[in-house]
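Given next are the chains, with one letter for each unit.
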Amino acid sequence: QVQLVESGGGLVQPGGSLRLSCTASGSIFSIHAMGWYRQAPGKERELVATITSIGNTNYAHSVEGRFTISRDNAKNTVYLQMNSLKPEDTAVYYCNLRNYRWGQPDVGTDYWGKGTLVTVSS
């Protein structure tokens, strides 16, 4: 089992910045990815950004250029630096960890945090 603890959500004005943090513990496989997903009111959960243990990143088009994902492997912690925030970024942000078994790159097991609310409003 993997446990994920998130922090950093809150209320911010349009154009402002926030940094989310997520620390993982438990049975973390040597091959894994961490990332952030979000769910806005009335919408489905969507991918925001992911990062592998060697630093490869992937971003949703809607946040590319504004958000930056990073990680500290020694601390099993992933960060999401969010700049130039827009009202449409308002959502519950969920931390994700996906464990991969060696030799099975297309099969992963997902673990989720409880979520942290980000509200962008004047």
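See the structure shown above.
Residues numbered from 1 in each chain as written. Predicted model: local features only at pLDDT ≥ 70, side-chain atom pairs only at ≥ 80, totals over all residues. Heavy atoms only, no water.

S.K.: A description of the pattern of salt bridges should follow, citing residues and the corresponding values.
M.R.: Any two side chains of opposite charge can pair, so long as their charged atoms come close to each other. Evaluation of the coordinates by the stated rule reveals four salt bridges. The partner of Arg38 in a salt bridge is Asp89, with the nearest N and O atoms 3.0 Å apart. Note that Arg38 is positioned in strand β4 (residues 31-39) and Asp89 in the loop between β8 (77-82) and β9 (91-100), a separation of 51 residues in sequence. One salt bridge connects Arg98 with Asp110, and the closest N-O pair in it is separated by 2.8 Å. On the criterion of sequence distance, the pair formed by Arg98 in strand β9 and Asp110 in strand β10 (residues 108-112) is long-range, its members being twelve residues apart. Several salt bridges converge on common partners, so that one network encompasses Arg38, Glu46, Arg66 and Asp89. (Salt bridge = Lys/Arg side-chain N within 4 Å of Asp/Glu carboxyl O. Helix = DSSP H or I, 4+ residues; strand = E, 2+ residues; numbered from the N terminus.)

S.K.: Now, about the nonpolar core: what can you tell me, with residues and values included?
M.R.: Counting residues in hydrophobic clusters, the biggest one holds 27 residues, and the most contacted among them are Leu4, Trp36, Leu80, Met82 and Tyr93. Of all the elements in the fold, those that place two or more residues in this core are β1 (2-7), β3 (18-26), β4, β5 (46-52), β7 (67-72), β8, β9 and β11 (116-120). With sequence-adjacent residues up to four places away left out, Leu80 is seen in contact with Leu18, Arg19, Leu20, Trp36, Val48, Ala49, Phe67, Thr68, Ile69 and Tyr93. (Core = buried A, V, L, I, M, F, W, Y, C linked by side-chain atoms within 4.5 Å. Buried < 20%, exposed > 50% of the residue type's maximum accessible area, 1.4 Å probe, protein only. Contact = heavy atoms within 4.5 Å.)

S.K.: Summarise the environment of Val92; cite the residues concerned and give the values.
M.R.: Take Val92: it is sitting in strand β9. Sequence separation between Val92 and Lys114 is 22 residues; the distance between their C-alpha atoms is 9.3 Å. Apart from the residues within four sequence positions on either side, Val92 is in contact with Tyr37, Arg38, Gln39, Gly115, Thr116 and Leu117.

S.K.: Got a sec to walk through the side chain of Asp89? Specific residues and values, please.
M.R.: On the basis of relative accessible area, Asp89 is assigned to the buried category, the value being 1%. There is a polar contact of 2.8 Å between the side chain of Asp89 and the side chain of Arg66. If we skip the residues at most four places from it in the chain, Asp89 touches Arg38, Arg66, Phe67, Ser84, Val118 and Val120. (Polar contact = N/O pair within 3.5 Å; in protein donor to acceptor, adjacent residues only side chain to side chain.)

S.K.: Tell me about the pairing of β4, and name the residues and values.
M.R.: With seven of nine residues buried, β4 is to be regarded as a mostly interior element. Bridging between β4 and β9 involves nine bridges; their strand directions are antiparallel. Following the sheet pairing, Trp36 is matched in β9 by Cys95. Between β4 and β5, which pair antiparallel one after the other, the connecting turn spans six residues, and Gly42 there sits at a positive phi close to 75°. (Pairing = 2+ DSSP bridges.)

Without other data, these values stay purely geometric and don't point to any function.
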